[in-house]
Structures are given as structure tokens and as C-alpha cells.
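# Descriptive analysis of the structure
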Amino acid sequence: MTQKEVVRQHLPLFEEQGRSASVPDDVGRNLHYLPDMPEEDPYQAGHRTCAGCGPAIQYRWVLKAAGQNTVVAGPTGCMYVANATYMSTPYTVPWAHTQIASGGSFTSGMAAAYESMIRKGKYEGEYPNILVMAGDGSAADIGIGSISGALYRNHDALFICYDNECYANTGIQTSPTTPYGGSTTFTPPGKVIPEGKKLPPKNLAKMMSEGHPNCYVATTTVGYTLDLMNKTRKGLNHRGAAFLHCYTPCQKGWVYQTPMTVELGRRVVESGLFPVWEYDPAERKYEYFIPPEQRPVVDYLAMQGRFGHMHPEHVALMQVAANRNWEDMGADVPKRLRELEDPEAHKHLKEEEYSLPVNRGIGA
Amino acid sequence: MAQTTIPDKSVEKLTRGEGSSDLGVTPGIDRAEKLADLDGTTMRLNGCAASAYAALYADVDVITAYPIRPYTAIMMNLSQFIAEGLLDAEYLHADGEHAQLSAALGAGSCGARAFTGSSGVGITYAFEVYSPAAGARIPIQMAIADRTLDPPGDFGSEHTDALCTRDMGWLMGWAATPQEVFDKHLLGYAIGEDPRLLLPQMICQDGYFVSHISGDVELPSIEQVERFLPPYKLPFALDPKKPVSHGPQIHPEQGPPLQLERARSMETAIDIIREKTKEFSDAFGRSYPPFVEEFMLEDAEVVFVMQGGHSVTCQATVKRLRERGIKAGMARLVWFRPFPTEDLQKALDRAKVVGVVETNLGLGGASYGGILSLDVTTALYHGANRPLVTSFMAGLGGETIPINEFTWMADKMVEAMERGSVEKASHWVGFED
């Protein structure tokens, strides 16, 4: 059989120097100015997401990085229901809804189709970027098997989990990535269960990196635009399967002030609650991003109404988890953060005062 | 189950590589060369092998597989075709039937000719995906070898597994012999991929009775197949050169027109099936009735209505009943979806009693028996001739339906004819006098 060559795209990374070089701000954090970016926005107007929607920001950067020669799948979730309305979808790239558990499998099929059709001369053109953006309910819960299957089979595609730490679309129910203490409509705090959610989150990205040979895995947040776009391109350029776990705040579910979405994307990293890293399957090595600023978890928690019910002992437990994360990342844990492992060092969360506006609402 | 231990001769022959006519294992042979070799030959294949050969001839692009007996043999044969370089297709080992069907749908949505299949609880495990596939009008194909649903675990054939999905918008029909299996796969793609229709197809065969028992299969030339079934182009594929959105959310008032469109697709299917079945016989020289196979119906008073492999035994019974002076006949449904209401009414317009042989389980339905009789009765109710209708629960759990059981059923129909009414809507064969 004569087979045609499957020509794959290679997307250059965005410069982190020159116009987009980092500069320290008044608290010493690295701020990146955005580099020259493609003008095209495959994720356009026409969606109906909430003000301050983290996943919408993520969608825009990811598709800007991927470009027009891209095919996208979207399992059921907020970003299906709020984005794609009949006769008014925001995509200028081909997009398909999949069942909530089918993010991995449907996308596998798309990749297999293009491999086969190009090879057999049934499709003219370069192999398109194939990517799926699944919510945490889809990627970490009901569809984890299908994504695992897809990563294991090593299809040339990028599998993204946009993680808003709850089933937001159905009215803020707990998912495996909802943090300890998070109030959701399935884990409300009460007299008997004062902390709300009792379980720590599932470590989704580590499951993917440890469990799937050849898979490029990275984590990032909407607080780091350039990092998100470059990891998207690295994942797409990687020959084989790639998985990107992106933290994307949900204003409606987490109850915070709408302009704070990007700020939360930085504070969650600076408080040690969401390690940002990259896994190279060839070297079997993790590269961790250690932010220049390390904060107490209270700086992050107090911005959100979903944690407003937490007692001092619950906050201390979050600090313990953050400190263990820092250690896992190979970062020093400053003495002031170690001291915060003591419940005595904390108040009831709703009594904390911060420079940023704090939403005093309790619950989701 | 005794059937599982019956040595599968045709597959053995395939995998052992004996003789010039086996396709599976001659190393280093070119696809075109091999298919040229097969042109016009007759091979002894079981239903599963016939399915695999059909997929080979159809030059499918993506195959998604997950093991479950008895359909698994189809996928085993296909993996070997690919390993030997006879078929160029992506072969995807899914992590379950839900993923298997989703992956086929993803491939089909990009314009690939996708092939998949399942049996028994595998079919029901994938259930969520049937409606989206048909609603998206993606003409993927699924090969079904029936298996009884749990509980308890049972390898034997019952049509309940595929029949569960009958209202999801797929074309669905049963073949009775390996030759018909082979032909129906090609016909199914030709019908489903027709741009006026675009619907997924379930090509069904009884587990073991057809899937694992060999019969002669005439193989066509690749040119014949390519003429009848050319490579197709999905008009709305997920292609970056022509972006489209598949399956966005709708508002409630947008629902009814879309559902009406889906309902009409089944009516369109009736015409396309008729047309393509005729084209098939012109292309390959083997003729099938588009919807109802009629056996000794001209003057028949008592008529069996059924589908699938047991119809072969039924025909033998009908001949014997005729020797006894009973005017018996048989109507076999070739497609169950779309249901051939008009053709069945016509085929039964002289019948006095109709006995539906179920080979499936429909718990708590109007007949308190099976699934087929519900559609058959409704179809006949609206016809010019309204025969008495009863049904027979037989062949459940994968049991054979021997001639004496068919004879018992015929006697029940004769009694009903003499009495002028049926005793009941459904009989459990073997449990009644």
C-alpha cells in the first residue's frame, strides 16, 4: 500500500524576552507583558459565560496559541452549555460536542481519523491540531477512564482539563478537584460537618504523568498567560499525547469579585496550593515553577466565599497541605509558613482582613 | 454454553494460513494483489469472518475495538488483516464500549469511514452514544453479534441487546447467513452514507448461530465494491478548512423541528434502502428483498414473522407443515429500523393468523412477551387485512429453536384460526401444553 506522509505542524514558542520580558512589580512578582500574539482569535464573541469566567479566558488563550488549523472537542460542562448555542457558537475552528465521559475517546477518534485519512490520501493538508478541553468533572471524574485510555494509546492530540474545581454547570457540586473545605451544593458546611468538603483534591495531573508513558504533562493557571500559551504549543508540538491541567477560577461557584480571576490564578500558586510544573516523558523529569513570592494560604482563601465558613483548624490544615506541596516541589518552606500549621495562628476565616476586596458571602 | 467450544473452522483456516484462498496470513502480499486473488472465489466463512471481510472490502479508515464475545472474532480478524498489511486503518483499542463508540463517532465526525461493533452488555454499556451519533447524522457502522443481557452471564444469542437501542435513530437489521452478513455490511454503508440520508447502521447477526457457524460466502472484486461503495465525503466534517460546530445547545422551542427532522430521516431511509438494495443486486448479482423475505406466503394462512438465523429452521418447518396440509408461510424482517410497515402489510395481506417468533425479551410490554410483536401488531392494525396476531417466546438464552417447537407454534396458530381468536398475546414455548 502506498502511504502518504503525515505532515505535522510545528508552532514556535512565544518569546519570554524583549517586549514580553518579565519585570518585578511592587511586591517582587514577575509580571510579563504580553508578546506579539497572533491576531486571530478562534474563540470569538458569541458565548454566554459569566463575567470573570476563568475557563473562558483559558479557552481564548489556548485557541489563540493553537491557531486556525485546529479541531476542537468539548465534552458536556459549562464550556459546552455556555459557549455553544445553536446558530451562535463562538468558534471559528471546527468544534464538536461530546458526551461528558467521551472527551478522551471522541478526541482519540478524531486523531485516528486524521492519521488514517491523510495517510490514505483521503484528506489533503497538514495534520491539524487536535485538542479537547474538558472540565474537571469530565476529566477527573466520569471521563477519566476515557482520557487515560487516550493518553495511554498516545494519540497525537492535546487533552486539556479546565479545572474550576466543581461541577459548575449543574449548579456547583463537588468534583474530585474541589479543595478540602470547599463549600459546594453537595458539600455544604453545617453544624455536624463544619468544614464542608472533607476530602483533599485528587492529584489529576500526577496521575496522568506517572501513569502514561510518553505523555507530556503540564499544569498551569490563567494567572500566567504566556505559560499557558507556551504549554499549549508544547503539548501540541509533542509528537503523541499531551495533557494540560489548567486552573480556571469560577466566579459563580467560588464567590469572589469578578476582576480577581487572574489574580487568583497567581495567588493559588503563590500560596502553594496549585503546583505549576512540566513533565518531560523522555527524561522522566518534573520541572517545578517556584514563584518569587510565597504566601500564607489565607491570602488565597479569604478572597473566596466558598471558604468563608472555615474554622482556624481547617485553615491550618490547608496550610499543612500547602507546605507539603512546597516540599514536594523542592522549595524551602519559610519559618513563617511553618508556624501557620498551628490552628492557634488562625482566626475564623470570615474575620480575616486583606488588602484585596474580600467577598464576605458564605457558601456557593 | 456448548457453542463457545465449537472449533471455529474458518478462523482457524484463516490464522493457519493454509491454501491460496485464505486472506489473513500470507506475509508480504499486497492488498490489491490479494483482493484480486479473491475476486469471484467462494470462501467458507462464519458470520464474524464475513463481517471482517466486508470491512476489509469497504476499506474502512478507523476501527474501534473492545473485546466481548461473540462479536470479538470480527475484531480479531481485522487486527490480523492490519498486521499483515492487507488493510490500512487505524485500529483503536478502546477502554470500554462507551469509549469505543465515542471514538468511532469522533472519527466519523471528521469524515473517516469508521467501523465498530459489540455484543450483549457491551451494546448497552455504550448506550449514551447511540442517540448523539444518529442525531449528528454520522454514518458509522456497528457489527453486532447478539448475546443475552445479564443476569445471569450467558454467552447465548438473544436479540434484546441490540433491540434495546431500536428507537435511537440507527438503521438496524438482521442477517440470516454469513453471505447475507457480508452483503449487508456493504449495503449498510451504501445506504447510511447516502448524502440524502446519513445515518449510522447496526448490522446484526445472531451470536453463534450465524457468527460462529460457517457458510459459503461469494467474494466480489474490489472494482465491484468500489463502484457500489465509493469513498464518501461527509458534507459537514470537522475540517479546519470549512469550520462547523457539531451539537450545540438548543432552546426548547428549537427541539421539535429538529426531532421532526430525525423522524423524517427514517421515512427517507425506506426509499433509500429500496433503491440501494436494487443497486446492490445489479452490482453483485445477488438479490435481496428490501424489507421482507417472503417464504411460501402466496396462499399461507398461518405465518411466522421473525428475523435472524432461526428463520432457516423455520423455513424447513414450513415445508414439513405444508406436507401435513397446513398452509404455513414465513415472513422474515430484513430491517427492523426503519420498520417496514407497508411491506409487511403487503406480505401478510392474505394471512389469517400471524405468529411472531420473538428471540428477545421485552419485560412488561403490551404483549407481556417480546419486542417484535409490538411493532408487528401496530403495523397490521393499520393495514387492510387485520389477521389475528400472537407471539412466541422461543430461542431465549441462546437455545436453538428446533423444528418440533416451530410445529408446536404452528399448531397454536391453526387452533386460533379455527377458533377465530388467539388464546393469548404471547406464549412461552416449552412452558405450555
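All values derive from a computational prediction rather than experimental measurement.

## Some thoughts on the sheet that holds strand β3 (residues 70-75) of chain A
Pairing within the open sheet is mixed, and its nine strands lie in the order β10(A)-β9(A)-β7(A)-β8(A)-β6(A)-β5(A)-β3(A)-β4(A)-β9(B). Among the strands making up the open sheet, the edge pair consists of β10 (285-289) of chain A together with β9 (245-246) of chain B. Looking at chain direction, strand β9 (residues 276-280) of chain A and β10(A) are connected through five bridges and run antiparallel. What sits directly across from A:V276, in β10(A), is A:F289. Contacts between helix α3 (residues 103-119) of chain A and the sheet are confined to β3, β4 (95-98), β5 (129-135) and β6 (157-163) of chain A, with β5(A) contributing the most and set at about 175 degrees to the helix.

## Describing the nonpolar core
Side chains of nonpolar character tend, in soluble globular proteins, to be buried together. A:F243, B:L78 and B:F115 are the most contacted members of the largest nonpolar core, which has 149 residues in total. The two domains that each donate at least three residues to this core are domain 1 (8-284) and domain 2 (292-428) of chain B. A:Y59, A:A65, A:Y91 and A:A242 belong to the second-largest nonpolar core, a separate cluster that totals 33 residues.

## Concerning the confidence of the model for chain B
On average, residues of chain B carry a pLDDT of 93, and 93% of them reach 70 or more. Here residues 1-25 of chain B is a poorly scored stretch, pLDDT under 50, and it has 54 contacts once near neighbours within four places are set aside; other chains count.

## Examining the packing of aromatic side chains
In total, this model carries 27 aromatic pairs over all chains according to the counting rule given. Its end group placed over the ring of A:Y127, A:R8 keeps NZ or CZ at 4.9 Å from the ring centre. Over the ring of B:Y381 we find B:R386, and its NZ or CZ is 4.0 Å from the ring centre.

## Section: the pairing of strand β5 (residues 141-145) of chain B
Every regular strand shows the same layout, with side chains that alternate between the two sheet faces. Residue and element names in this part refer to chain B. By the criterion of burial, β5 is predominantly enclosed, with five of the five residues buried. Burial along β5 is two-sided: the face carrying Q141, A143 and A145 and the face carrying M142 and I144 are both buried. Bridge analysis of β5 against strand β7 (residues 201-205) gives five bridges, and the strand direction is parallel. Each bridged residue has a counterpart across the sheet, and for M142 the counterpart in β7 is M202.

## Regarding the interface of chain B and chain A
Contacts between the two partners involve 44 residues from chain B and, on the opposite side, 47 residues from chain A. When the two sides are added together, the surface that chain B and chain A hide from each other amounts to roughly 3500 Å², 58% of it contributed by carbon and sulfur. The interface formed by chain B and chain A contains seven salt bridges. Here A:K120 ties to B:D59 by a salt bridge, and the two come within 3.1 Å at their closest N and O atoms. Elements represented by at least two residues in the side of chain B that touches chain A include exactly β3 (90-93), α5 (97-109) and β9 of chain B.

## Overview of the sheet that holds strand β12 (residues 328-333) of chain B
Residues and elements named next belong to chain B. With respect to topology, six strands assemble into an open sheet ordered β10-β12-β11-β13-β14-β15, the strand pairing being mixed. The open sheet is flanked by β10 (292-295) and β15 (426-428), the only strands paired with a single partner. Averaged over all neighbouring strand pairs, the angle between strand axes comes to 25 degrees, with direction disregarded. When strand β11 (residues 302-306) meets strand β13 (residues 353-357), the two strands line up parallel, connected through four bridges. Bridge pairing links F304 to G355 in β13. In the packing of helix α12 (residues 311-323) onto the sheet, contacts are made with β10, β11 and β12, and the angle to β12 comes to roughly 165 degrees.

## Comments concerning the domain arrangement of chain B
Residues and elements named next belong to chain B. Assigned domains within chain B: domain 1 (8-284) and domain 2 (292-428). Averaged C-alpha coordinates put domain 1 and domain 2 at centres separated by 28 Å. If you look at the interface, domain 1 gives 30 residues, while domain 2 gives 25 residues. For the pair domain 1 and domain 2, the two sides together bury roughly 2200 Å², of which 60% comes from carbon and sulfur. It is E158, R166 and F209 that lose the most area in domain 1 upon contact with domain 2, and together they represent 23% of the buried surface on that side. Run the count over domain 1 and domain 2 and you get three salt bridges.

## Points about unusual backbone geometry
Here the amide bond leading from B:R69 into B:P70 is cis, since omega sits at -5 degrees, within 30 degrees of zero. Of note, B:P70 is situated in the loop between β2 (62-65) and α4 (72-83). A cis amide bond links B:D150 to the next residue, B:P151, at an omega of -5 degrees. Relative to the helices and strands, B:P151 is located in the loop between β5 and α8 (160-163). Non-glycine residue A:I172 carries a positive phi angle of around 60 degrees. Note that A:I172 resides in the loop between β6 and α6 (204-211).

## What to know about a nonpolar patch on the surface
Together, A:Y86, A:M87, B:I250 and B:L258 line one region of the surface with nonpolar side chains, adding up to about 370 Å² of accessible area. The topology assignment puts A:Y86 in the loop between α2 (78-81) and β4. Given the relative accessible area of 31%, A:Y86 is considered partly exposed.

## Brief notes about the pattern of salt bridges
Opposite charge on two side chains permits pairing when their charged atoms draw close. According to the stated counting rule, one finds 43 salt bridges over all chains in the structure shown. A:R324 is the partner of A:E327 in a salt bridge, and the nearest nitrogen-oxygen pair spans 3.0 Å. Of this pair, A:E327 and A:R324 both sit in helix α11 (residues 312-329), separated by three residues, roughly a single helical turn. Under the relative-accessibility criterion, A:E327 is labelled partly exposed at 34%. When the shortest N-O distance is used, the salt bridge between B:D375 and B:R337 registers 3.4 Å. Residue B:D375 is found in helix α14 (residues 372-381), and its partner B:R337 is found in the loop between β12 and α13 (341-347); the two are separated by 38 residues along the sequence. Overall, B:D375 belongs to the buried group, its relative accessible area being 18%. Linked by salt bridges that have partners in common, B:D194, B:R196, B:E275, B:K276 and B:E279 make up one network.

Calculation notes
- Residues numbered from 1 in each chain as written.
- Chains lettered and ligands numbered in written order.
- Predicted model: local features only at pLDDT ≥ 70, side-chain atom pairs only at ≥ 80, totals over all residues.
- Heavy atoms only, no water.
- Pairing = 2+ DSSP bridges.
- Helix = DSSP H or I, 4+ residues; strand = E, 2+ residues; numbered from the N terminus.
- Contact = heavy atoms within 4.5 Å.
- Axes fitted to C-alpha atoms, helices over the stretch in contact; angles between N-to-C directions.
- Core = buried A, V, L, I, M, F, W, Y, C linked by side-chain atoms within 4.5 Å.
- Buried < 20%, exposed > 50% of the residue type's maximum accessible area, 1.4 Å probe, protein only.
- Domains from an automatic or database assignment.
- pLDDT = per-residue confidence, 0-100.
- Phe/Tyr/Trp six-rings, centres within 6.5 Å; stacked < 30°, edge-to-face > 60°.
- Lys NZ or Arg CZ within 6 Å of the ring centre and 35° of its normal.
- Buried area = accessible area lost by both parts, 1.4 Å probe.
- Salt bridge = Lys/Arg side-chain N within 4 Å of Asp/Glu carboxyl O.
- Patch = residues over 30% accessible without salt bridge, like charges linked within 9 Å, V, L, I, M, F, W, Y side chains within 5 Å.
- Areas by Shrake-Rupley, 256 points an atom, 1.4 Å probe, with all protein chains shown as cover.

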